[in-house]
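# Results of the structural survey
Residue-level listing of the chains:
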Amino acid sequence: MTSKNNLRTGGQLLVDGLRVNGVDRVFCVPGESYLAALDAFHDVPEIQLVVCRHESGAAMMADTHARMTGRPGVVFVTRGPGATNASAGVHIAFQDSTPMILFIGQVARDFLDREAFQEIDYRRMFGQMAKWVAEIADTARVPEYVSRAFYVSQSGRPGPVVLSLPEDMLAERAAPSDILAAKAVEAHPGEADMKELAQLLGKAERPLMIVGGGGWNAGACDDLRAFAEANALAVAVTFRCQDKFDNSHACYAGDLGVGPNPKLLQRVRESDLLVVVGARLGEMTTVGYTLIDIPKPKQAFVHVYPGPEELGRVYQPTLAVNAGMKAFAAAVRAVKVGQPKWRQWTKDARADYLAWTKPPKIPGRVQMGEIMDWLNERLPADSVVCNGAGNFATWANRFYRYRSFASLMGPTSGSMGFGLPAAVAAKLADPKRLVVVFAGDGDFMMTGQELATAVQYGADIVVLVGNNGMLGTIRMHQEREYPGRVCATDLANPDFAALARAYGAHGEVVERTDQFAAAFEAAVKSGKPAVIELRLDPEAITPMATLSGIRKAALEKAKA
Ligand SMILES: Cc1ncc(C[n+]2csc(CCOP(=O)(O)OP(=O)(O)O)c2C)c(N)n1
Ligand SMILES: [Mg+2]
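Computed from a predicted model, the values in this text were never measured in an experiment.

Here is what the cut-offs are and how they apply
- Residues numbered from 1 in each chain as written.
- Chains lettered and ligands numbered in written order.
- Predicted model: local features only at pLDDT ≥ 70, side-chain atom pairs only at ≥ 80, totals over all residues.
- Heavy atoms only, no water.
- Helix = DSSP H or I, 4+ residues; strand = E, 2+ residues; numbered from the N terminus.
- Expected span 1.5 Å × (residues − 1).
- Buried < 20%, exposed > 50% of the residue type's maximum accessible area, 1.4 Å probe, protein only.
- Arc of directions from axis to C-beta.
- Contact = heavy atoms within 4.5 Å.
- Core = buried A, V, L, I, M, F, W, Y, C linked by side-chain atoms within 4.5 Å.
- Near = heavy atom within 4 Å.
- Polar contact = N/O pair within 3.5 Å; in protein donor to acceptor, adjacent residues only side chain to side chain.
- Areas by Shrake-Rupley, 256 points an atom, 1.4 Å probe, with all protein chains shown as cover.
- Nonpolar A, V, L, I, M, F, W, Y, C, P; charged D, E, K, R; others polar.
- Donors = N, O, S within 2.8 Å, 3.2 Å for Na, K, Ca; no water.

### Details of helix α12 (residues 343-356)
Relative to the 20 Å expected for 14 residues at 1.5 Å per residue, α12 spans 20 Å between its end C-alpha atoms, a close match to the ideal helical length. The set of residues buried in α12 consists of Trp345, Thr346, Ala349, Arg350, Asp352 and Tyr353. End-on, the buried residues of α12 take up no more than an arc of 155 degrees, which puts them together on one face. Turned more than 90 degrees from where α12 packs its buried face, Lys347 and Ala355 sit exposed. Looking at the buried side of α12, the elements it contacts are β9 (207-211), β10 (234-238), β11 (252-256) and α10 (262-270).

The structure is reproduced here in structure tokens:
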């Protein structure tokens, strides 16, 4: 980078630090608080700066970029409102254990602590949802902070870090020496750990492996699959981690998430050994912490986790292994017990999964089950399916067969609006892959403006909008708890296909099942981002239950 007498601005030092760390794409909404950093990007064409329409979208894109590439996602936003908007994506990255670095422009150092224009103390603001938050007070120390951000975000349990950048610090010049690229630090399992795991497995009759969390890559998933295969182990995944284990594999038993298969829950209860790899076993995975005894599980319990802070936090493990996913998977690949005694148990688990994922018929002219069957045939195994939150996402969560690593971008935080920005980043990261979003009508409108970003950068994604004219998930809960007392859940929606066309995207409307295939193929062929509105019968509130049925059952229960 150009410099006067070896002096570089804080902005230049920062961007050089990103370049050294192999960053090739940064997501941002610009602000006057970090002009010196923006200016430094001007000289570094190898880093693409993607300008987004809202900071939540920018942060969600950075999260997905990290999941796709295995390297920290980088996002730049302005102070105050930029930071508060970005916080949606920071929380997602925290709960998903995604490495992310959020840079925030800050007021000048001589204004700090006066509540200057848009001033926030980011250490306090992000304290609970970032791994580390710091403010760089000295231009000469920019390389040190950037380097540490790359280490912290990737090491142990990965997650977001936040660096605040006072604007005068960014503009000032200094001449510190360059940094080297940071390398993620991953704990390795000890030999004794692997031996004990093999012994526990040797004693088991009904073992179940549960896989989830962050820090995975395709190689680690491969190694784990080889271990499961060699030992005929039944494998379940946690909420929104279906892409960690090939769903078409004979060992795959389904996911523990929202609305899980009761037979899988029963299997967890009946198991005599749980091997939990990378998952925290949070509320969503454990039916509100009721599935496994706390603090002492009744089964033998092996917990493998990249950060020691989670081991023994809720569950007392028989064997706690502090190891990164790649290191653990590489080591466990070689573990083989003699003749597994549980082959039938694993076969039964697979049969339960297959029965559970036969799509049902629903009310109305758009049969989502048939559409899911069609998509399972049509989408290549490496397609990326993205979603946010809402009942519409259930179709993708339960009935789609994820067959490769990073084929699912869904927030374990259950944050609406994640799917569309995630899809944009996924498509930019790997344009060869087909990228499909499952969004409800409410969900789509949360970050729908990033369709403009998709058009601007040529991210040709296909967005399926399940339009039922309501925030259906909440309506469902209302009808269960307060039957007939509908409140704040109806939506008056735009014409989604026309809206898409106004953005310069392709728009389709599907009112009957038989229109779907043609609409999908036209969307893919359009050479543009595309939105397909699926007009759903509001009665079809979940794949298995109707709206009036839920209300009726709740009214009857109230009478009894
Ligand atoms: C950011 C955010 N706000 C609110 C919620 C609570 N919430 C969960 S699902 C949902 C409704 C989703 O509606 P829609 O996208 O239309 O999908 P549907 O349930 O109707 O299929 C809401 C409001 C949330 N999960 N995330
Ligand atoms: Mg809806």
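### Observations regarding the nonpolar core
A general tendency of soluble globular proteins is for nonpolar side chains to be buried together. Within the largest apolar cluster, 56 residues are counted, with the highest numbers of intra-cluster contacts made by Met209, Val277 and Phe328. Not counting chain neighbours up to four residues away, the residues in contact with Val277 comprise Met209, Ile210, Val211, Gly212, Trp216, Leu224, Val304, Met325 and Phe328.

### Considering the site of ligand 1
Neighbouring residues of ligand 1: 17 residues in total, closest Gly414, Asp441, Asp443, Gly472 and Thr473. Interatomic distance of 3.2 Å between a backbone N/O atom of Met416 and a nitrogen atom of ligand 1. Gly472 places a polar main-chain atom, nitrogen or oxygen, 2.7 Å from an oxygen atom of ligand 1. Taking 590 Å² as the accessible area of ligand 1 by itself, protein coverage stands at 76%. Of all elements in the fold, only α16 (441-447) and α18 (472-481) reach the threshold of two or more residues within the shell around ligand 1. Broken down by element, the residue count for the shell around ligand 1 peaks at four residues, all from α16. Looking at the shell around ligand 1 residue by residue, the classes come out as seven nonpolar, eight polar and two charged.

### Looking at the coordination of the magnesium ion (ligand 2)
Looking at the metal site, the magnesium ion (ligand 2) is ligated by Asp441 (OD), Asn468 (OD1) and Met470 (O), spaced 2.0 to 2.1 Å from it. Along the chain, the residues donating to the magnesium ion (ligand 2) are arranged with the sequence spacing D-x26-N-x1-M. With Asp441 in helix α16 and Asn468 in the loop between β18 (462-467) and α18, the pair connects residues that are 27 residues apart, well separated along the chain. Judged by relative accessible area, which is 2%, Asp441 ranks as buried.

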